[in-house]
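Here's the letter readout for the chains.
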Amino acid sequence: PCTIKDPNAPNCMYDKNAPWAPCDPQTKQVTKRMQLSPNSDQQCEPTKEEHKRCITSSKKCKYGKANWGDCVDGKKIMRMVIDDTASDPACLPEKVKEKGCNSKRTRD
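All values derive from a computational prediction rather than experimental measurement.

1. Some words on the overall build of the chain
- Helix and strand counts for the chain come out as zero helices and four strands.
- Beginning at the N terminus, the succession of helices and strands in the chain can be written as β-β-β-β.
- Put simply, the chain has 108 residues, and 18% of those count as buried.
- Within the chain, contacts between residues separated by at least 24 positions form 40% of all contacts whose residues are at least 6 apart in sequence.
- In the structure as shown, the chain presents an accessible area of about 8,800 Å², 48% of it carried by carbon and sulfur atoms.

2. Topic: the pattern of salt bridges
- Inspection of every chain in the model, using the stated rule, returns three salt bridges.
- Linking E49 and R33 is a salt bridge whose minimum nitrogen-to-oxygen distance equals 3.9 Å. Taken together, the residues E49 in strand β2 (residues 47–53) and R33 in strand β1 (residues 29–35) connect sequence positions 16 residues apart.
- For E49, a relative accessible area of 42% puts it in the partly exposed group.

3. Thoughts on the state of the cysteines
- A complete count under the given rule lists three disulfides for this structure.
- What pairs with C23 in a disulfide is C54, and their sulfur atoms sit 1.9 Å apart. On the sign convention where negative is left-handed, the bridge of C23 and C54, at about 105 degrees about the S-S bond, is right-handed. In this pair, C23 sits in the segment before β1 while C54 sits in the loop between β2 and β3 (75–81), placing the two residues 31 residues apart along the sequence.
- With relative accessibility at 11%, the residue C23 sits in the buried group.
- The disulfide that involves C71 links it to C101, with 1.6 Å between the sulfurs. Handedness of the C71-C101 disulfide follows from its S-S torsion of about 95 degrees: it is right-handed. In this pair, C71 is assigned in the loop between β2 and β3 and C101 in the segment after β4 (94–100), connecting sequence segments 30 residues apart.
- Judged by its relative accessible area of 44%, C71 falls in the partly exposed class.
- Since its relative accessible area comes to 22%, C101 is described here as partly exposed.

4. Observations regarding the side chain of K32
- By secondary structure assignment, the location of K32 is in strand β1.
- Summary of buried charges: K32 has no salt-bridge partner, and the nearest side chain of opposite charge, E50, is 4.8 Å away.
- When near neighbours in sequence (up to four residues on either side) are disregarded, K32 contacts K16, A18, P19, W20, K48, E49 and E50.

5. So, the packing of aromatic side chains
- One pass over the structure, following the stated rule, counts zero aromatic pairs.
- Over the ring of W20 we find K52, and its NZ or CZ is 4.6 Å from the ring centre.

Cut-offs applied
- Starting afresh in each chain, residues are numbered from 1 along the sequence in its written order.
- Only residues with pLDDT of at least 70 are given local features in this predicted model, and only at 80 or more are side-chain atom pairs given and counted; all residues enter the totals for whole chains, interfaces and linings.
- Only hydrogens and water are set aside when side-chain values are computed; all heavy atoms of the structure are taken into account.
- Only DSSP runs of H or I reaching four residues or more are called helices, and only runs of E reaching two or more are called strands; each is numbered from the N terminus.
- Note on exposure labels: buried denotes an accessible area under 20% of the residue type's maximum, exposed denotes more than 50%, and partly exposed covers the range between, all computed with a 1.4 Å probe on protein chains only.
- Any two residues whose heavy atoms approach within 4.5 Å are treated as being in contact.
- Using a 1.4 Å probe, accessible areas were evaluated by the Shrake-Rupley method; residue-level cover was limited to the displayed protein chains.
- By salt bridge we mean one thing: a side-chain nitrogen of Lys or Arg within 4 Å of a carboxyl oxygen of Asp or Glu.
- A pair of sulfur atoms, both from cysteines and within 2.5 Å, is called a disulfide here.
- Charge convention: Lys and Arg are scored as positive, Asp and Glu as negative, and His as well as the terminal groups of each chain are ignored.
- Aromatic contacts are taken between Phe, Tyr and Trp rings whose centres are within 6.5 Å, Trp giving its six-membered ring; a plane angle under 30 degrees counts as stacked, one over 60 as edge-to-face, and the others as tilted.
- Two thresholds decide whether a charge sits over a ring: the Lys NZ or Arg CZ must be within 6 Å of the ring centre and within 35 degrees of the ring normal.

Laid out in structure tokens, this is it:
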């Protein structure tokens with residue numbers, strides 16, 4: 001469908017190339033804060049935020065290799081740090097896996 005723009009509405013253009021912030025673990029969202037373009041009308045808001053859900057698949061998140069830690073309180077923990085050069089900016093900076101001391105299975 002064709003949408004007709006209100007001729008009295010201000011012309012607001014924002015920098016769509018602004019970077020996405022890291023994933024917020026509480027809201028499970030990433031935020032992009034865009035600045036108003038100099039060619040926009042003065043009535044426009046100076047910034048505009050866009051939100052989207054964080055990536056739920058680890059396919060776009062690359063983590064470095066890590067070793068299992070010592071057995072503490074009946075479990076072992078492995079902490080893997082994100083590879084910033086090969087990962088989507090929405091990925092969490094660290095991925096933690098744990099398993100029981102006598103188990104070979106892992107849980108995310």
